[in-house]
Amino acid sequence: VKNGLLSAIGLCDSFADCLQKVLELQKGVEAGKKTPLGVDQDEKSQIVDAPDDAPVIDPSTSVCLHELDRTLNEVLHMVLADAMSREIVHDVYELTMEYADV
């Protein structure tokens with residue numbers, strides 16, 4: 001379960017990065033379509049490379065993705081806490097000291 005959650009969290013982070021890049025590109029395309037008359041036509045054509053029927057991503061998608069990431073992290077913490085409590089109850093938990101340079 002833990003490895004599946006960690007994998008899903010990693011995928012969620014990767015998807016968030018890709019979504020952010022697409023949203024930035026989408027904003028650039030929208031800004032390119034609304035450029036003032038003083039902008040050179042060649043410069044405008046470099047900005048606007050997407051066709052008019054290109055899919056538009058709703059900005060609320062990033063909110064949903066953030067909620068998914070938060071929920072996955074909460075479930076991971078519950079799974080880890082449950083595993084640790086099970087180890088303590090069954091006297092399997094072994095305390096290990098680690099050096100911390102603070």
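Before reading on, note that the structure itself is shown above.
What you see is a predicted model, and the numbers here were worked out from it, not measured in a lab. For every chain, the first residue of the written sequence is number 1, and numbering continues from 1 onward in sequence order. In keeping with the model being predicted, local features are shown solely for residues with a pLDDT of at least 70 and side-chain atom pairs are shown and tallied solely at 80 or more, while totals for entire chains, interfaces and linings include all residues. The basis for the side-chain values is all heavy atoms of the structure; hydrogens and waters are excluded.

Asks: Can you break down the overall build of the chain residue by residue, with the values?
Replies: The way it works is that DSSP assigns letters per residue, a run of H or I at least four long becomes a helix, a run of E at least two long becomes a strand, and they are numbered from the N terminus. On a plain count of helices and strands, the chain comes out with 3 helices and 0 strands. Relative to its 102 residues, the chain shows a buried fraction of 13%. In the chain, the proportion of contacts linking residues at least 24 apart, taken out of those at least 6 apart, comes to 68%. Partly exposed residues are those whose accessible area sits between 20% and 50% of the maximum for their type, while under 20% is buried and over 50% is exposed, using a 1.4 Å probe and protein chains only. Here, residues are in contact when the closest pair of their heavy atoms is within 4.5 Å.

Asks: Outline the side chain of aspartate 69, supporting the account with residue identities and numerical values.
Replies: Its location among the elements puts aspartate 69 in helix α3 (residues 60-89). Neither His nor the chain ends contribute to the count of charged residues, in which Lys and Arg are positive and Asp and Glu negative. We define a salt bridge as a side-chain nitrogen of Lys or Arg found within 4 Å of a carboxyl oxygen belonging to Asp or Glu. The buried charged residue aspartate 69 lacks any salt bridge, with arginine 70 as its nearest oppositely charged partner at 8.6 Å.

Asks: For unusual backbone geometry, give the residues involved together with the corresponding values.
Replies: Trans is the common state for peptide bonds, and a negative phi is the common state for residues other than glycine. Unlike most non-glycine residues, aspartate 91 shows phi in positive territory, near 55°. Within the secondary structure, aspartate 91 is located in the segment after α3. Taking the relative accessible area as the measure of exposure, aspartate 91 reaches 72% and is therefore exposed.

Asks: Tell me what's going on with a nonpolar patch on the surface, and back it up with residues and numbers.
Replies: Judged by side-chain polarity, Met84, Ile88, Tyr93, Leu95 and Met97 come together as a nonpolar surface patch covering roughly 590 Å² of accessible area. Mapped onto the elements of the fold, leucine 95 is located in the segment after α3. Like-charged residues are merged into a patch within 9 Å and nonpolar side chains (Val, Leu, Ile, Met, Phe, Trp, Tyr) within 5 Å, provided each residue has over 30% relative accessible area and no salt bridge. Exposure was quantified through the Shrake-Rupley algorithm and a 1.4 Å probe, taking into account, for residues, occlusion by the shown protein chains and nothing else.

Asks: Could you give an account of α3, with specific residues and numbers?
Replies: Residues spaced three or four apart along an α-helix face the same direction, because each turn holds 3.6 residues. A helix is expected to reach a length of 1.5 Å times the quantity of its residues less one. Between the first and last C-alpha of α3 there are 44 Å, a value that for 30 residues agrees with the 44 Å anticipated at 1.5 Å per step. Taken together, the buried positions of α3 are occupied by Leu65, Asp69, Leu72 and Leu76. Backbone geometry just downstream of α3 places aspartate 91 in the positive-phi region, at approximately 55°.

Asks: How would you summarise the pattern of salt bridges if you had to cite specific residues and measurements?
Replies: Taken as a whole and assessed by the stated rule, the structure comprises 3 salt bridges. Close ionic contact of arginine 70 with glutamate 74 constitutes a salt bridge, the shortest N to O distance being 2.7 Å. Residue arginine 70 and its partner glutamate 74 are located together in helix α3, separated by 4 residues, close to a single helical turn. Aspartate 82 is the salt-bridge partner of arginine 86, the closest N and O atoms lying 2.6 Å from each other. Note that arginine 86 and aspartate 82 are positioned in helix α3 at a spacing of 4 residues, about one turn of the helix.

Asks: For the environment of valine 1, give the residues involved together with the corresponding values.
Replies: Checked against the element boundaries, valine 1 lands in the segment before α1 (2-33). Linking valine 1 and valine 79, residues 78 residues apart in sequence, is a C-alpha distance of 7.9 Å.

Asks: Which residues make up the environment of leucine 6, and what are the values?
Replies: Checked against the element boundaries, leucine 6 lands in helix α1. Spatially, the C-alpha atom of leucine 6 lies 8.4 Å from that of leucine 72, the residues being 66 residues apart in sequence.

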